[in-house]
Amino acid sequence: MTLSITTSTLADGAVELSPRGEIDVENAYEIREAVAAQLSSGSPARIELNMRHVTFIDSVGISALVAAFQLAAVSGVKLVVTRPSRFAHRQLWVTGLLGLFGNPQPFDETVTA
């Protein structure tokens, strides 16, 4: 499966990046590049990575998330993960990185708005 990333601006001015698919060795760089593009086009107060539709993430993908976090931090921008899929949440938990990304709760598909 490929990776696609949708970008939107939230009501409070934060930028939301929504990756869909698998984040792995072949495409992990796209996460960092998407964050870099947002930082170069302005300076949002916050970047949210909505990982609801991430079906797989490997160690290279995790590394790309950390690199994106560091890149944002150098620019004074907070980067957080929101609504991670159960798989993505587990990977962040196992690696000890949940706290770095704002302690997001896993997205629960059984809850309806």
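Heads up: these notes are all about the structure in this document. (Residues numbered from 1 in each chain as written. Predicted model: local features only at pLDDT ≥ 70, side-chain atom pairs only at ≥ 80, totals over all residues. Heavy atoms only, no water.)

Topic: the pattern of salt bridges
The test is simple: By definition here, a salt bridge exists when the distance from a side-chain nitrogen of Lys or Arg to a carboxyl oxygen of Asp or Glu is within 4 Å. Secondary structure is summarised from DSSP: a helix means a run of H or I of at least four residues, a strand means a run of E of at least two, and numbering begins at the N terminus for each. Accessibility here uses a 1.4 Å probe with only protein chains present; expressed as a share of the type maximum, an area under 20% marks a residue as buried, one over 50% as exposed, and anything in between as partly exposed.
Considering all chains together, one arrives at three salt bridges under this definition. For Asp12, the salt bridge goes to Arg46, with nearest N and O atoms at 2.7 Å. With a gap of 34 residues between them, Asp12 in the loop between strand E1 (3-9) and strand E2 (15-23) and Arg46 in strand E3 (residues 46-50) connect regions that are remote in the sequence. Its relative accessible area of 22% is what places Arg46 among the partly exposed residues. Between Glu16 and Arg83 there is a salt bridge, with its nearest N and O atoms 3.9 Å apart. Taken together, the positions of Glu16 in strand E2 and Arg83 in the loop between strand E5 (78-82) and helix H3 (86-94) put the pair 67 residues apart, joining distant regions of the chain. Classification of Glu16 by relative accessible area gives buried; the value is 12%. Owing to a relative accessible area of 37%, Arg83 belongs among the partly exposed residues under this scheme.

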